[in-house]
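Take a look at the letters that make up each chain.
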Amino acid sequence: MIPAGQVQKLTGLTANQLREWSHRRDLIPPDVEAGGPGRPALYSWQTVLLLRIAVVLRERFRIELQAHKTLLHALRDLFSGVPFPTLRGCVLALRAMEHGEILSEGMIRVGEDDPDTLFLHLDAHLAVLEVEFAPQDQSRQLPLFRAVRIR
């Protein structure tokens, strides 16, 4: 989990935009609400990924997010519990802006019966998140138990 200040750097959102999206409009709420002064809201990597996707939808495709609030909440559920490494090489398929699917790039299918679909590649977003959410250097941490030779 990371605080709102780091989320702003990863998403390009201002503090006001993040508050607007997370609290006032309830588009993508934080995983842990702010606990008062000095205790900022906390966000998981899944929530930050969803915020980055929302930024792409709004800025590149000019999609009004408030109209798709239900989709954003469904995408949060879709990403919940999905291990980070399994998303490598995947795309998010937004079917008619009504529901989403996670597909490997080799499984992208477009047929006559499929609804209009917007495909968003996830690798670029994952690369940015990996730097922030990677385990920190723990080389200075002392081992919990001393090493014992087993014969």
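Residues numbered from 1 in each chain as written. Predicted model: local features only at pLDDT ≥ 70, side-chain atom pairs only at ≥ 80, totals over all residues. Heavy atoms only, no water.

Colleague: Would you mind showing me how to read helix H2 (residues 15-24) here?
Modeller: Residue pairs three or four apart in sequence face the same way in an α-helix, which turns once every 3.6 residues. Those residues of H2 that sit buried are Leu18, Trp21 and Ser22. For H2, the arc enclosing every buried residue in end-on projection is 85 degrees, short of the 170-degree limit, so these residues lie on one face. Turning to H2, the residues buried within the fold contact helix H1 (4-11), strand S2 (42-43) and helix H3 (45-59). Once H2 finishes, Asp26 follows within two positions and takes phi at roughly 55 degrees, a positive value. (Buried < 20%, exposed > 50% of the residue type's maximum accessible area, 1.4 Å probe, protein only. Helix = DSSP H or I, 4+ residues; strand = E, 2+ residues; numbered from the N terminus. Arc of directions from axis to C-beta. Contact = heavy atoms within 4.5 Å.)

Colleague: Looking at this model, I keep getting lost on the pattern of salt bridges. Mind explaining?
Modeller: Pairing is possible between side chains of opposite charge, provided their charged atoms come close. All told, the structure shown has seven salt bridges when counted by the stated rule. The partner of Arg25 in a salt bridge is Glu64, and the shortest N-O contact between them spans 2.9 Å. In this pair, Arg25 is assigned in the loop between H2 and S2 and Glu64 in the loop between H3 and helix H4 (69-79), connecting sequence segments 39 residues apart. Residue class for Arg25 comes out partly exposed when judged on its relative accessible area of 22%. Residue classification places Glu64 among the partly exposed residues on the basis of a relative accessible area of 47%. (Salt bridge = Lys/Arg side-chain N within 4 Å of Asp/Glu carboxyl O.)

Colleague: Mind showing me how you'd approach the pairing of strand S4 (residues 99-104) here?
Modeller: Each regular strand carries side chains that alternate between the two faces of the sheet. As defined by bridge partners, strand S3 (residues 90-95) adjoins S4 across six bridges and the pair is classed as antiparallel. Bridge assignment links Leu92 to a residue of S4, and that residue is Ile102. The hairpin formed by S3 and S4 contains three residues between the paired strands, and Ala96 there has a positive phi angle of roughly 55 degrees. (Pairing = 2+ DSSP bridges.)

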